[in-house]
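In case you want the letters, here they are:
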Amino acid sequence: MRQESVVHRPHPALRPYVAAAVGYRHEGFPPGEHLGLPSPWPTLVVTLDEPLVMAAHPDPTHAPGSFEALVGGLHTRPARIAHAGRQSGIQLSLTPAGARALLGVPAGALASLDCPLEELLGARGREVVERIRAADDWPGRFAALDAVLLRDLRDDDVSAPELAEAWRLTTAAHGRLRVSEVAARIGWSPRHLEQRFRAETGLAPKEAARVVRFDRARRALAGRVSAGRPADLAGLAAAAGFADQAHLTREWRAFSGLPPTRWLAAEFGYVQDTAALDAALSAS
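As the structure is a computational prediction, the values presented were derived from the model and not from experiment.

### Comments concerning the overall build of the protein
Part 1 of the reasoning: Tallying secondary structure elements over the protein gives 13 helices and 10 strands in all.
Part 2 of the reasoning: Principal-axis analysis of the C-alpha atoms places the extent of the protein at approximately 50 × 45 × 35 Å.
Part 3 of the reasoning: Per-residue burial for the protein yields a buried fraction of 51% across its 284 residues.
Part 4 of the reasoning: By sequence separation, contacts in the protein at least 24 residues apart represent 72% of the contacts at least 6 residues apart.
Part 5 of the reasoning: Accessible surface, the protein as shown: approximately 12400 Å² in total, 52% of it carbon and sulfur.
Part 6 of the reasoning: If the 33 positive side-chain charges of the protein are averaged to one point and the 32 negative ones to another, these points end up 7 Å apart.

Here it is as C-alpha cells:
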C-alpha cells in the first residue's frame with residue numbers, strides 16, 4: 001500500500017480563496033468505494049491519470065459519472081467514489097468566496113452537485129487538466145494550477161460583507177454559535193440571514209454549523225486513531241460541542257451513513273491521510 005500526500009501553499013493572491021491544497025497518490029488499496037464526506041469547503045479535484053468515478057452524488061437524483069476534473073459544492077450527504085485500488089490527483093478546498101473568485105459562481109449554485117470543471121471554466125478547465133498532467137513533479141503541477149487560476153482571478157466578484165462575516169463566525173466558533181447570535185452580530189434578522197446565507201453557500205446557517213462541527217470531529221478522530229490513541233468518542237463529543245456521544249453518533253450517521261466506529265473500519269486507509277489536510281489548513 002502506497003500513500004503519498006503533498007501539501008502546497010498557494011500563491012498569496014489565491015490564499016483568501018483556497019483553504020487547503022493537497023496532492024495525493026494512493027495505490028495498493030483493495031478495489032471498492034471511498035466516502036466523500038460533507039465539509040465546510042467546496043472542493044476542486046483534478047485527477048492525474050484515471051478519472052474520478054462517482055458511484056453516487058450527494059444529490060441522489062444525479063446519475064453516476066466519471067470526471068477528469070470536477071467541482072463539488074457544499075453538501076450534507078456523503079458521496080460514494082468508486083476506485084480500482086488507486087487514486088491520484090490534486091484537491092483544493094475552496095472558501096465560499098473562492099467559488100466566486102475562481103469559478104465565477106456563488107457556492108450556492110453548486111450545492112450538492114459534482115460539476116465537470118470544463119463545464120464551469122470552458123477551455124480553461126481543459127487547460128488546467130492538460131498542464132497539470134504534463135508536469136513532471138508536484139511542484140510543477142501546483143505551479144501550473146496556480147498559474148491558470150491566477151490568470152483569470154475575479155477578486156472583484158464578492159458577496160455582501162455581512163455574509164463573509166457570518167461564515168467567519170460560524171467556522172471560527174466551530175459551529176457552536178446559534179443562528180440568532182450570528183444574525184445579531186452582523187445586524188441582520190435570522191430570517192434574512194437564512195435566505196441570503198443559503199443562496200450564497202448552498203446551506204442554511206444551522207446546516208453549515210452542523211457540517212463545521214462534524215468536520216472538526218471527523219478530523220480529530222482521524223488524528224487520534226492515526227497516532228495510535230484511543231478513539232474516546234465520549235471525550236470527542238464533549239470537545240467538539242456535541243450534547244453527548246449519542247448526539248455525535250446520530251450526526252455521524254446523518255453525514256456519512258455509518259456510526260463512527262464502522263466509518264473508521266471502512267475508511268481506515270483514507271483516515272490515515274487526514275494529517276495532510278490538517279497541515280494544509282494550518283498553512284493557509
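### Side note on the sheet that holds strand S5 (residues 52–56)
Part 1 of the reasoning: Taken together, 4 strands build an open sheet; the order of strands is S3-S8-S5-S6 and the sheet is antiparallel. Two strands in the sheet have a free side with no partner beyond their single neighbour: strand S3 (32–36) and strand S6 (65–67). Here the average twist between neighbouring strands, direction ignored, is 35 degrees.

### With respect to the packing of aromatic side chains
Aromatic rings in a pair are described by how distant their centres are and how their planes are angled relative to each other.
Part 1 of the reasoning: A complete count under the given rule lists 5 aromatic pairs for this structure.
Part 2 of the reasoning: Feature note: the residues Phe 214, Trp 252, Phe 255 and Trp 263 constitute an aromatic cluster, connected by ring pairs.
Part 3 of the reasoning: The ring of Phe 242 carries the charged tip of Arg 213 above its face, separated from the ring centre by 5.2 Å.

### Concerning the pairing of S5
Part 1 of the reasoning: For S5 and S6, the ladder comprises 3 bridges, and the chain directions are antiparallel. Looking across to S6, one finds that Met 54 is bridged to Gly 65.

### Overview of the side chain of His 75
Part 1 of the reasoning: On the secondary structure map, His 75 appears in the loop between strand S7 (69–72) and strand S8 (79–83).
Part 2 of the reasoning: Taking relative accessible area as the criterion, His 75 reaches 11% and is therefore assigned buried.
Part 3 of the reasoning: Engagement of the side chain of His 75 in a polar contact is seen with the backbone oxygen of Arg 77, the distance being 2.6 Å.
Part 4 of the reasoning: Residues within four places of His 75 in sequence aside, it is in contact with Gly 36, Leu 37, Pro 38, Pro 58, Ser 112, Leu 203 and Val 211.

### A short note on the nonpolar core
Part 1 of the reasoning: With 34 residues, the main nonpolar core has Leu 193, Leu 221, Leu 248, Trp 252 and Trp 263 as its most contacted residues.
Part 2 of the reasoning: Top element by residues in this core is helix H8 (residues 205–226). It accounts for 6 residues.
Part 3 of the reasoning: Beyond its immediate chain neighbours, meaning those up to four positions away, Leu 193 contacts Ala 166, Val 179, Val 182, Ala 183, Ile 186, Trp 188, Arg 198 and Pro 205.
Part 4 of the reasoning: In terms of nonpolar packing, the next biggest core, distinct from the first, is built from 28 residues, Leu 103, Leu 110, Ile 132 and Leu 153 among them.

About the criteria used
Residues numbered from 1 in each chain as written. Predicted model: local features only at pLDDT ≥ 70, side-chain atom pairs only at ≥ 80, totals over all residues. Heavy atoms only, no water. Helix = DSSP H or I, 4+ residues; strand = E, 2+ residues; numbered from the N terminus. Buried < 20%, exposed > 50% of the residue type's maximum accessible area, 1.4 Å probe, protein only. Contact = heavy atoms within 4.5 Å. Areas by Shrake-Rupley, 256 points an atom, 1.4 Å probe, with all protein chains shown as cover. Lys, Arg positive; Asp, Glu negative; His and termini not counted. Charge placed at Lys NZ, Arg CZ, Asp CG, Glu CD. Pairing = 2+ DSSP bridges. Axes fitted to C-alpha atoms, helices over the stretch in contact; angles between N-to-C directions. Phe/Tyr/Trp six-rings, centres within 6.5 Å; stacked < 30°, edge-to-face > 60°. Lys NZ or Arg CZ within 6 Å of the ring centre and 35° of its normal. Polar contact = N/O pair within 3.5 Å; in protein donor to acceptor, adjacent residues only side chain to side chain. Core = buried A, V, L, I, M, F, W, Y, C linked by side-chain atoms within 4.5 Å.

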